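Architecture and fold: a report
Here's the letter readout for the chains.
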Amino acid sequence: MSEWGYRVIHNSSEDGSDEWYSIQEVYYDNDGEPNAYSVDLQIENDTITGIRTQLEKMLKSLDEPVL
């Protein structure tokens, strides 16, 4: 089953002179493999509880391998 989750993404500039990490929303394919990720993630939801849930999922991504 495909689904969205969160992962830490390692980024670098084209010339390799600048590197940084970000937490992004990642799309997993039917085999559970990361297939695509967002580049403009915003934390927003209809409720504060929804934002809290989203942030808790992001915190869990810190325990996963960096993509």
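That block above? That's the structure.
Residues numbered from 1 in each chain as written. Predicted model: local features only at pLDDT ≥ 70, side-chain atom pairs only at ≥ 80, totals over all residues. Heavy atoms only, no water.

**Let's talk about the pairing of strand 3 (residues 34–37)**
- Pairing geometry for strand 2 (residues 19–28) and strand 3, over three bridges, is antiparallel. Residue Tyr-27 lies in a different strand from strand 3, and its bridge partner there is Ala-36.
- Hairpin connection between strand 2 and strand 3: a loop of five residues separates the two successive antiparallel strands, and Gly-32 in this loop has a positive phi of roughly 80°. (Pairing = 2+ DSSP bridges. Helix = DSSP H or I, 4+ residues; strand = E, 2+ residues; numbered from the N terminus.)

**With respect to helix 1 (residues 48–61)**
- With 14 residues, helix 1 should reach 20 Å at 1.5 Å per residue; the first-to-last C-alpha distance of 20 Å fits that figure.
- When we look at burial in helix 1, the residues that qualify are Gly-50, Gln-54, Met-58 and Ser-61. Each buried residue of helix 1 sits inside an arc of 80° when the element is viewed along its axis, so together they form one side. Counted as exposed and oriented over 90 degrees from the buried face of helix 1: Ile-48, Thr-49, Arg-52, Leu-59 and Lys-60.
- Where helix 1 is buried, its residues contact strand 1 (3–12) and strand 2. (Expected span 1.5 Å × (residues − 1). Buried < 20%, exposed > 50% of the residue type's maximum accessible area, 1.4 Å probe, protein only. Arc of directions from axis to C-beta. Contact = heavy atoms within 4.5 Å.)

**Quick word on the sheet that holds strand 2**
- With antiparallel pairing, the three strands of this open sheet are ordered in space as 1-2-3. In this open sheet, the two edge strands, each paired with only one partner strand, are strand 1 and strand 3. Taken pair by pair, the neighbouring strands of this sheet meet at an average axis angle of 45°, ignoring direction.
- Inspection of the sheet shows strand 1 paired to strand 2 by 10 bridges, in the antiparallel sense. In the strand pairing of strand 2, Asn-11 is matched with Trp-20.
- Relative to strand 1, helix 1 is tilted by about 55°, and along the sheet it contacts strand 1 and strand 2. (Axes fitted to C-alpha atoms, helices over the stretch in contact; angles between N-to-C directions.)

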